[in-house]
Amino acid sequence: MYRLQRSRFKSQAVMGFRIGSGIDVHQLTAGRKLIIGGVEIPHHMGALGHSDADVLLHAICDALLGACALGDIGIHFPNTAPEYKDIDSKILLRLSYEKVQALGYRVVNVDSTLLLEKPRIKPYVAQMQATIASLLGVDTDAVSVKATTTETMGYVGRQEGLVAYATVLLEKP
């Protein structure tokens, strides 16, 4: 039985598919812009971070890098490096994807979920999808952005922070 399962996994690896997951969390604070999915969203608080603190793009970066066993965003773009201070996370996503492409992979699709109480992001989802799709060279229907609240529970519910989860499917053509 073990040999049968092992050979099945080997054949799947030859097919060239990889799945990666990513998660990112940022504190919310006054005096910062709120940028999610490459889109600036009007809000009285923004995400705190070394870069522009785009929680969604950071989760996607981690999913891409993780799918290829390349570590995480902190390894490639450390928050101690001055060159990444206040950097646009769209640049980080593009650089992360270049690392994946260098290994011969391309994105098939991205599925993501945001956890935040406010603001409501529904009016911005299409723009987020278009931005992410453009950066990854896929159609917008290959990028899913969903959101939910935590029903006022925990730090997300108290509007102290926000969370993003992302899953990517990669293919080596």
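Since we're looking at a predicted model, the values are computed, not measured.

A. Just the confidence of the model for the chain, in detail. Mean pLDDT over the chain works out to 92, with 91% of the residues at or above the 70 mark. Considering only residues more than four positions removed or in separate chains, one finds that residues 1-13, a stretch of pLDDT under 50, has one contact.

B. View of the packing of helix α2 (residues 55-67) against helix α4 (residues 89-102). At their nearest, the axes of α2 and α4 sit 9 Å apart, and the two run at 10 degrees to each other. The angle between α2 and α4 places the two elements in the roughly parallel class. In contact with Leu57, His58, Ile60, Cys61, Leu64 and Leu65 of α2, α4 contributes Ser89, Lys90, Leu92, Leu93, Ser96, Tyr97, Lys99 and Val100. For the contact of α2 with α4, the per-class residue count stands at nine nonpolar, three polar and two charged.

C. Structural detail: the side chain of Thr149. For Thr149, the location among the structural elements is in the loop between β6 (143-148) and α6 (154-157). The class of Thr149 is buried, set by a relative accessible area of 19%. Apart from residues lying up to four places away in sequence, Thr149 is in contact with Leu116, Glu117 and Arg120.

Here is what the cut-offs are and how they apply
- Residues numbered from 1 in each chain as written.
- Predicted model: local features only at pLDDT ≥ 70, side-chain atom pairs only at ≥ 80, totals over all residues.
- Heavy atoms only, no water.
- pLDDT = per-residue confidence, 0-100.
- Contact = heavy atoms within 4.5 Å.
- Axes fitted to C-alpha atoms, helices over the stretch in contact; angles between N-to-C directions.
- Helix = DSSP H or I, 4+ residues; strand = E, 2+ residues; numbered from the N terminus.
- Parallel < 35°, antiparallel > 145°, perpendicular 65-115°, else oblique.
- Nonpolar A, V, L, I, M, F, W, Y, C, P; charged D, E, K, R; others polar.
- Buried < 20%, exposed > 50% of the residue type's maximum accessible area, 1.4 Å probe, protein only.

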